[in-house]
Amino acid sequence: MAKLLFKRIGFGLLAVIVASALWLPCVHLFFQKPATEFRTAVGVSPMGKALAARQLKLWTDLASREVELRRMRGSNAEWDFMGRSFLVWALANIGLRDAAQKPACLNAMDRIIEETLKLEREKGMCHFLMNYAKPDIYRVQPARSLFVDGEIALMLAARRTLEEKVELKPLLAERVKCIADGLQANQVLESYPNECWTFDHAVALAAMRLADNLDGSDHSEIISNWLAFAKRKLVHPGTGLLVSSFTVDGTPLDGPEGSSIWLVAHCLQVLDPAFARDQYDRARRELAQSHCGFGSAREWPASWHGPADIDSGPIIPVLNISAGSSGLALVGAAAFGDDEYLAKLAATLDFAAFPKGERGELQYCASNQVGDAVMLYATVLGPLWAKAEVKP
Amino acid sequence: MKETSSKFGRLIGADFLSPKDFVRHAVLILVLFAVAHLCGLREFTTIISGTMASPALGAGTCALLGMGYMALYFGAVVFVPILLIAAGLLALWEKVRAASRRPLP
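From a predicted model like this one, the values you see are computed outputs, not experimental measurements. (Residues numbered from 1 in each chain as written. Chains lettered and ligands numbered in written order. Predicted model: local features only at pLDDT ≥ 70, side-chain atom pairs only at ≥ 80, totals over all residues.)

Undergrad: Quick rundown of the packing of helix α8 (residues 168–186) of chain A against helix α9 (residues 198–215) of chain A? Include the residues and the values.
TA: All names here are of chain A. Relative to each other, α8 and α9 sit at 130°, their axes nearing to 10 Å. Accordingly, the angle class assigned to the pair α8 and α9 is oblique. Considering only the axes of α8 and α9, their crossing is left-handed. Contact residues: L172, A173, V176, I179 and A180 in α8; A204, A207, M208, A211 and D215 in α9. Classifying every residue of the contact of α8 with α9 by side-chain character gives nine nonpolar, no polar and one charged. (Axes fitted to C-alpha atoms, helices over the stretch in contact; angles between N-to-C directions. Helix = DSSP H or I, 4+ residues; strand = E, 2+ residues; numbered from the N terminus. Parallel < 35°, antiparallel > 145°, perpendicular 65-115°, else oblique. Left-handed = near helix turned anticlockwise from the far one by under 90°. Contact = placed C-beta atoms within 7 Å. Nonpolar A, V, L, I, M, F, W, Y, C, P; charged D, E, K, R; others polar.)

Undergrad: Before we move on, can you summarise the packing of helix α5 (residues 77–97) of chain A against helix α6 (residues 102–123) of chain A with the specific residues and values?
TA: Residues and elements named next belong to chain A. Put simply, α5 and α6 touch, their axes get as near as 9 Å, and they point 155° apart. By the angle between their axes, α5 is roughly antiparallel relative to α6. Viewed along their axes, α5 and α6 form a crossing whose handedness is left-handed. Of the residues in α6, those touching α5 at R84, L87, V88, L91, A92, I94 and G95 are K102, C105, L106, A108, M109, I112, I113 and T116. Partitioned by chemical class, the residues of the contact of α5 with α6 number 11 nonpolar, two polar and two charged.

Undergrad: How would you summarise the environment of L65 of chain B if you had to cite specific residues and measurements?
TA: Residue and element names in this part refer to chain B. By the secondary structure assignment, L65 is in helix α3 (residues 59–101). The class of L65 is buried, set by 22 C-beta atoms lying within 10 Å. Distance in space between the C-alpha atoms of L65 and D21 is 27 Å, their sequence separation being 44 residues. L65 has contacts with L41 and F44, leaving out every residue within four places of it along the chain. (Buried ≥ 20, exposed ≤ 12 C-beta atoms within 10 Å, placed from the backbone.)

Undergrad: Lay out the interface of chain B and chain A with the relevant residues and their values.
TA: Taken together, the contacts link 19 residues of chain B with 28 residues of chain A. Here the residues of the side of chain B that touches chain A are counted per class, giving 12 nonpolar, five polar and two charged.

That's the geometry; what it means functionally is another story.
This is how it looks when you write it as structure tokens:
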């Protein structure tokens, strides 16, 4: 009797093992699509259109927006701000890709920028920062956050690049001057007290490049100086990747971080294309991974042990998959035309990010508004950067 | 109806690790997943991004509901086909074995 039971268990387990070996390598085939489904060379991909429809709805349907904002701000006030930034940058690209969409994009961008500036004016920069941002403990006074200044500058520059709006010209000039003066005086700028982020510097410098293109100014020396500083002090020796954060004296606070480096590499495209390519290739080597045909990204390279934090999102043990890094890897793969990795990441989105499509709108339940805005940006990026290409 | 009930009964009372047992578990996972989906638990998977679907419910409950939905979803998408393939393989094996034991005419 016992022999019969063991025999049955043996056959049953063997059948499960063989079935797993047959099925697991095939699962991705049901979710795999060509990279062109995610982003197209011209126009806006169907996925981009559906993501944009959902994002724009959140700016017209106040109840839905309220729910979404409450959810995000409950975890991180930065996401409220970054959700605005990525959406504005994405809308600029959509407007540049599809002239028919331009009026709607301009309208939405103006609303978002106006409300963001109003909130910053009325509640201060800390409204968009995490709780430990106390203005009186910033090393450089009066306290400013490059996170806020850089992203607002890029929003303003993106809006003006899509179509000139004279009222925004002094606002951009003021923001850029503030960043440029700070970088000239201190080499680096804080986002949080004694905490500087490579991500925020890259965004701010890209905004500066766009501003130069719009207004004929020239900040190339400041940009070159910062890049030289970054190559000298912010490169992690083990991987050659830029570290994610550092103190005001340039001491690294962390190693290279997936939720930072993919966008940094993208911003470097308009600052130093060769360095951008180098950083992307290194990030691809150190952070990109594939399991059974599904693409994902690690938050930290194998040579650096860092914790899961608010930027990485929860990290899936063993597989080392970070939601934050994987989402931003879409931006990197799209920016560098890495269709193979992009298709694998897009397959993971459909498999494990729980898409929800209704009435032509698309959202990913595993994500949130800022995550979806990042994905939208990845589907349309390109035309805005083309306007800011490095002049030989 | 009687025949259907009887088939269902045979499925419920299937032997451990038999083809029917695998099918029974596959059906159970699919039913539970369908219930979770219809209850709107998909929204709670936002916990992956570190966001609470409903701050009023609290982080613990949101995480529990989100993880529960994910377990059922991955069970339905990954494990159910494995169970069904395993059931097919076992049934095929039993058929081959029975045929080899049958005396030649």
